[in-house]
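Structural characterization, general
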Amino acid sequence: MADPNTIAIRVPTSVAHDFCLFWKDLRLAEGLDADQDLRVDEGVEVEPFDAVAMVEWIVPIVQATTPLITGILGYLIAKRGEIDITLPGRRVVAKNMTPSQAREYMQMLDEAGSDAKTADSGNSEDDSDDPA
Amino acid sequence: MIPRDKWVLLKRSLRRRRRAFDVSSNHRASLRRMLGMFGDREQREAMGLKLLPISSMQAASAVVTVGGHSMAVVDVEQANAIEFLLTRSLWREMPLFSYIEFMIRAAESAYDADDLEFAYRISQVANARLKMHVFVKGEHPIFPRPMIPDGTLVEVLQGDVVLSFIAAHECGHLLHRQDIHGFSRLFDFIEEAYRQTSIEPSRHAPGGRVMRYFKPESVMKFRDGVYDGDASLGIKARQFMDAREQEQIAEAQADAVGALAATYAAIDAGVPVSYLFLVLHTVLDAAEYFTTLRRTVPALPRGTRSGAIPFRPTDLLVRKSALLSLIGAIRNGSIGVDESIASYWAELNDQQFAYWQELDDEGRLEQIALRPTVLARGGVHTGLQGELPPPLSKEEVVSGYGPLAGTVLFNLAHLSAPSSAFCIEETLDWRPDTGMDGVANGFGAALRDLADLSAKMPPERGGFGVKDVMRDGSDADFVEVLRSARSQVRRRKVDENWHGGFEALFGNL
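Description of the structure in this document. The model shown is predicted, which means the values in this text are computed figures rather than measured ones.

1. Quick notes on the overall build of chain A
Along its length, chain A carries 3 helices and 5 strands. Helices and strands in chain A line up, N terminus first, as β-α-β-β-α-β-β-α. Contacts in chain A between residues far apart in sequence, at least 24 positions, make up 65% of those at least 6 positions apart. Element-wise, carbon and sulfur atoms account for 49% of the exposed surface of chain A, whose accessible area totals about 6,600 Å².

Written as structure tokens, this is what we have:
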């Protein structure tokens, strides 16, 4: 199952580098430390058999990151990015976001950010599925 | 090996997929056999060829890359989904049974996106259609499920031919990324075949030339349930053309690897070459139906009959064409393959092969390749508008639109389909010899019901969440309910309690 209180942010591969720069600008504007940056080489690129290749980062929804996530929504909408939010008991996946929906998502993120405890991103991984 | 910190990131990403079933030991054995085609374990390590089998509701395989390390993630659910359609198609089943497959897949996708009410409503409609069939054609609770079974398909399924194709296709993408030499001649051949066949004379604008593999993206517009024309992105697509070309060639190259793997699996399973030839085409079609379903359903207007639904052009024609080129080259020795593969394909009947070449030459292969998109458009149009307006004649279009006639003819093609193509209730008397292809018909009809349902849903999302479902039953029970129509089809018996207690939560539409 997906880690709780996290958001998966996806952008088309062609803008992955640009996206990281944009995120960094927001991070600087918010006065946060460099450890909140998203690195290109930590994005997981998923190239599905029938869709556009996207790069994905999984970000915990905590008070520090919520403003950055809301800040980047406009960019995601313009570049046909996607978000996939996992909250306790709820999951929201948005693939075809329009500007008129932006407020709805911002509200949801605001609530989630203030509710969420500072989440440890919970890497309780198991190694039973090693690659062949 | 992938470094541990990167592996952790990959696993987190994969964990977001909802588990469907298990990867069986048979699946794993088939995949190991397939991997043998690339060399032994050491050689594969050196190539950077890594494969992870999973079973998720997304039913979609992918190549995942992090920090320069790539891996093929093979979703066995994708093979299962395609195999269901393969059976419906090759055993000539009624459109209703393909329809149910498509509805279940749509319900699972909705569930995967936590869109629970929509998922439930889709199951409700699917079950209602099944009940209709019982009352009209069956004797409650038993219903007929006519089919023309053959043992060869069983061999194909047991031999995991489809899984081998899909998994090797993804490995083909890995090889492409990593520029591995063993397949470079094969890849070069496919690229050359693509370039030689990509331009042809225009059929509508005399003296003009057409790029066969490029169709404009068309956005279908609706205003209050009435079709309001298409916005076709033609010239604007020019900037993306080179990238698209690369994508199409890569798809065809991956298919070539898939076809080789499927051939080995077929030889092992004792499947005759003429049957494999048919299976490969049907697999490509089935993948196309699912792709179109996956792309179209999330874009349907929700709670309204106004909106814009994009239809992106797909690569089915490129892939079918490339498959023919590949097999032709294997047969005439212009591409080097193992002796077992060469002699296997040499046995394919000349006439059967020539027939497909003709389809390609006459432009009929193109029509076949565009059919899933045309049916999706027709289904959406019928679902939102209620019924289709009469078609325009070819002369009207050509004289009215000049050089754009080709695009407009395509955009209006669904108007010429029989109404039963989009109305499952009109297909209960379908016969394989007189009706349209059962899977195609089931697909068009499913899109209609999905578009109609989406329009009737309440506009705000986030009504029902997993927590509501968990209160009334378990997550797994809910998923069983979504799949209930399929179990009833297997048993040829309706189950009045298909809703598993969840009707209290959702009520009736």
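2. Describing the packing of helix α8 (residues 161–178) of chain B against helix α10 (residues 241–269) of chain B
Residues and elements named next belong to chain B. The contact between α8 and α10 brings their axes to 7 Å, and the two run at 140 degrees. Overall, the two elements α8 and α10 adopt an arrangement that is oblique. Note on packing geometry: the crossing formed by α8 with α10 is right-handed. When α8 is examined against α10, the residues Val161, Ser164, Phe165, Ala168, His169, Gly172, His173 and His176 are found in contact with a partner set consisting of Ala250, Glu251, Gln253, Ala254, Asp255, Val257, Gly258, Ala259, Ala261, Ala262, Ala265 and Ala266. Residue composition of the contact of α8 with α10, grouped by class: 11 nonpolar, 7 polar and 2 charged.

3. Thoughts on the pattern of salt bridges
Residue and element names in this part refer to chain B. Counted according to the given criterion, the structure contains 41 salt bridges over all chains. For the salt bridge of Arg483 with Glu108, the shortest nitrogen-to-oxygen distance reads 2.5 Å. Within this pair, whereas Arg483 is found in the loop between α20 (475–482) and α21 (484–491), its partner Glu108 is found in helix α5 (residues 95–112), the two being separated by 375 residues in sequence. Accessibility classification places Arg483 together with Glu108 in one group, the buried group. Notably, a salt bridge pairs Glu247 with Arg244, separated by 2.9 Å at the nearest N-O pair. Here Glu247 and its partner Arg244 are both found in helix α10, 3 residues apart, which amounts to about one turn of the helix. Judged by its relative accessible area of 41%, Glu247 falls in the partly exposed class. Judged by relative accessible area, Arg244 falls into the buried class, the value being 15%.

4. Brief notes about the sheet that holds strand β7 (residues 226–233) of chain B
Strands belonging to one sheet form pairs held by backbone hydrogen bonds; the direction of such a pair is parallel or antiparallel. Residue and element names in this part refer to chain B. One open sheet holds the 3 strands; their spatial order is β7-β6-β8, and the pairing between them is antiparallel. Only two strands of the sheet have a single partner each, and these edge strands are β7 and β8 (307–311). The mean inter-strand angle of the sheet, taken between neighbouring strand axes irrespective of direction, is 20 degrees. Pairing geometry for strand β6 (residues 217–223) and β8, over 5 bridges, is antiparallel. Looking across to β8, one finds that Lys221 is bridged to Ala308.

5. Remarks on the packing of aromatic side chains
Residue and element names in this part refer to chain B. Taken as a whole, this structure holds 21 aromatic pairs over all chains when the rule is applied. Residues Phe97 and Phe143 carry aromatic rings whose centres are separated by 6.1 Å and whose planes lie at 25 degrees to one another, so their mutual orientation is stacked. Residue Phe97 is found in helix α5, and its partner Phe143 is found in the loop between α6 (116–137) and α7 (151–158); the two are separated by 46 residues along the sequence. Here Phe97 matches Phe143 in class, with each residue buried. Grouped by ring-pair contacts, the aromatic residues Phe277, Tyr344, Trp345, Phe353, Tyr355 and Trp356 constitute a single cluster. Arg486 extends its terminal NZ or CZ atom over the ring of Phe84, reaching a point 4.5 Å from the ring centre.

6. A look at the environment of Leu365 of chain B
Residues and elements named next belong to chain B. Along the polypeptide, Leu365 turns up in helix α15 (residues 364–385). Put simply, Leu365 and Lys320 are 45 residues apart on the chain and 8.0 Å apart in space, counted from C-alpha to C-alpha. Setting aside anything within four residues of it in sequence, one finds Leu365 in contact with Leu317, Lys320, Ser321, Leu324, Trp356, Leu359 and Asp360.

7. Thoughts on the side chain of Glu288 of chain B
Residue and element names in this part refer to chain B. Residue position: Glu288 is located in helix α11 (residues 273–296). Here Glu288 is buried and forms no salt bridge, its nearest opposite-charge partner Arg319 lying at an N-O distance of 5.8 Å. Discounting residues that sit within four places of it in the chain, Glu288 has contacts with Thr314, Leu316, Ala369, Pro372 and Thr373.

8. Observations regarding the pairing of β6 of chain B
Residue and element names in this part refer to chain B. Counting buried positions along β6 yields 5 of 7 residues, so the element is predominantly enclosed. Pairing of β6 with β7 involves 6 bridges; the strand directions are antiparallel. Looking across to β7, one finds that Phe222 is bridged to Tyr227. Hairpin connection of β6 to β7: 2 residues between the antiparallel strands, including Asp224 at a positive phi of 50 degrees.

9. Things to note about the sheet that holds strand β5 (residues 90–94) of chain A
Read from one edge to the other, the open sheet built from 8 strands follows the order β5(A)-β4(A)-β1(A)-β3(A)-β2(A)-β2(B)-β3(B)-β1(B), with strand pairing classed as mixed. Strand pairing shows two members of the sheet lacking a second neighbour, β5 of chain A together with β1 (51–54) of chain B, which therefore form its edges. Averaged over neighbouring strand pairs, the angle between their axes works out to 20 degrees when direction is ignored. Alignment of strand β2 (residues 62–66) of chain B against strand β3 (residues 69–75) of chain B, held across 5 bridges, turns out to be antiparallel. Each residue of the ladder has a partner; that of Val64 of chain B, found in β3 of chain B, is Met71 of chain B. α8 of chain B contacts β2 (44–48) of chain A together with β1, β2 and β3 of chain B of the sheet and is inclined by roughly 165 degrees relative to β3 of chain B.

Thresholds applied
Residues numbered from 1 in each chain as written. Chains lettered and ligands numbered in written order. Predicted model: local features only at pLDDT ≥ 70, side-chain atom pairs only at ≥ 80, totals over all residues. Heavy atoms only, no water. Helix = DSSP H or I, 4+ residues; strand = E, 2+ residues; numbered from the N terminus. Contact = heavy atoms within 4.5 Å. Areas by Shrake-Rupley, 256 points an atom, 1.4 Å probe, with all protein chains shown as cover. Axes fitted to C-alpha atoms, helices over the stretch in contact; angles between N-to-C directions. Parallel < 35°, antiparallel > 145°, perpendicular 65-115°, else oblique. Left-handed = near helix turned anticlockwise from the far one by under 90°. Nonpolar A, V, L, I, M, F, W, Y, C, P; charged D, E, K, R; others polar. Salt bridge = Lys/Arg side-chain N within 4 Å of Asp/Glu carboxyl O. Buried < 20%, exposed > 50% of the residue type's maximum accessible area, 1.4 Å probe, protein only. Pairing = 2+ DSSP bridges. Phe/Tyr/Trp six-rings, centres within 6.5 Å; stacked < 30°, edge-to-face > 60°. Lys NZ or Arg CZ within 6 Å of the ring centre and 35° of its normal. Lys, Arg positive; Asp, Glu negative; His and termini not counted.

What is shown is where atoms sit, not what they do.
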